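Remarks on the overall topology
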Amino acid sequence: MFKIIDPLAERKIPYAAIFGNHDDEGTLSRKAQMSLYESLPYSLSEAGTTEIDGVGNYFVEVQAHSSKHSALTLYFLDTHSYSPDEAHYRGYDWLKPNQINWFKNTAETLKEPHSHYTHKHLNMAFIHIPLPEYADPNNDRVGNFTEPATSPAFNTHFKDALVEYDVKFVSCGHDHVNDFCALSKDAATGDPELWMCYAGGSGFGGYGGYNKYHRRLRVFEVDTNQARISTWKRLEYGDIGKRLDEQIIVDAGRVVPLQSANEE
């Protein structure tokens, strides 16, 4: 943890963290690790309320450059580890109803203060285990879909809550050699409603590197004046200066369809 944080703290870069499914398989619990995160320089990480499932359900407000109001809200949720009901739902755990209710209540409460921002306020969400909708074969995609999306077998439909409360994209990790962004569309109208992105595998502590897949990370750039979100990947080696699969996923506060993203 200290090795990861050191280059950020040295450069005075604020950061926020959420847990993956392996993070509490060592000697420290999630609660103990989050207590460490909360004590470290430039950390914005929080344990969040103890009244709901998980450790690290919280949000961060990013203030506009020339305003006292929030221009961007980042939501972070704990996606836990393994299924609590292997007999019926094998694989990985899912976001619990009380977490989804917390998100909805929080987003509803923030509507009024966000309305005072003179530009278009943006919302983003970060989780570890991908939502079941990531694997929808009808999604438009940009990037590598190299392994199956290991989503929970039980769907609590958090994607619908994200769309309902105007979150424009959600980013996950978990599957080390997937790095795509997938576009979810409204079933009735076909309109774009949410980009669902993978971060790309950057660590050396797990599998990866096969099928000519270089380790990588995903970058998001937010223009709060234009209400625009761009994203791309950076490679560990090779053409490291290239912005791989660069695309605009949100523009003027609206989710951008795949064709428009490529044209940009």
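Residues numbered from 1 in each chain as written. Predicted model: local features only at pLDDT ≥ 70, side-chain atom pairs only at ≥ 80, totals over all residues. Heavy atoms only, no water.

Topic: the pairing of strand β3 (residues 122-126)
Within β3, five of the five residues are buried, which leaves it mostly tucked inside the rest of the structure. Of the two faces of β3, the one carrying Leu122, Met124 and Phe126 and the one carrying Asn123 and Ala125 are both buried. Direction of pairing for strand β2 (residues 70-76) relative to β3: parallel, over a ladder of five bridges. When the sheet's bridge partners are listed, Leu74 is paired in β3 with Met124. In the sheet, β3 pairs with strand β5 (residues 169-172) via three bridges, with the strands oriented parallel. Each bridged residue has a counterpart across the sheet, and for Ala125 the counterpart in β5 is Val170. (Buried < 20%, exposed > 50% of the residue type's maximum accessible area, 1.4 Å probe, protein only. Helix = DSSP H or I, 4+ residues; strand = E, 2+ residues; numbered from the N terminus. Pairing = 2+ DSSP bridges.)

Some words on the sheet that holds strand β4 (residues 140-142)
Ordered by their spatial adjacency, seven strands build an open sheet running β1-β2-β3-β5-β7-β6-β4, and the pairing between neighbours is mixed. Either end of the sheet is taken by a strand with one partner, and the two such strands are β1 (58-63) and β4. Neighbour-to-neighbour, the strand axes of this sheet turn through a mean angle of 20°, independent of strand direction. Sitting on the sheet, helix α3 (residues 97-114) is in contact with β1, β2 and β3, with an inclination near 175° to β2. (Axes fitted to C-alpha atoms, helices over the stretch in contact; angles between N-to-C directions. Contact = heavy atoms within 4.5 Å.)

Notes on the packing of aromatic side chains
For the coordinates displayed, the defined rule picks out 18 aromatic pairs. Geometrically, the ring pair formed by Phe76 and Phe126 is stacked, given 5.5 Å between the ring centres and 15° between the ring planes. Here the residue Phe76 occupies a position in strand β2, and Phe126 occupies one in strand β3, the gap between them amounting to 50 residues. Phe126 matches Phe76 in its accessibility class, with the two residues each being buried. Here the aromatic rings of Phe126 and Phe220 are separated by 6.3 Å at their centres, their planes lie at 80°, and the arrangement is edge-to-face. Of this pair, Phe126 sits in strand β3 while Phe220 sits in strand β8 (residues 216-223), and the two are 94 residues apart along the sequence. Note on Phe126: relative accessible area 18%, which makes it buried. Here Phe220 falls in the partly exposed class, since its relative accessible area comes to 21%. Its guanidinium or amino end placed over the ring of Phe180, Arg141 lies 5.1 Å from that ring's centre, counting from NZ or CZ. Positioned above the aromatic ring of Phe204, the side-chain terminus of Arg215 is 4.7 Å from the ring centre. (Phe/Tyr/Trp six-rings, centres within 6.5 Å; stacked < 30°, edge-to-face > 60°. Lys NZ or Arg CZ within 6 Å of the ring centre and 35° of its normal.)

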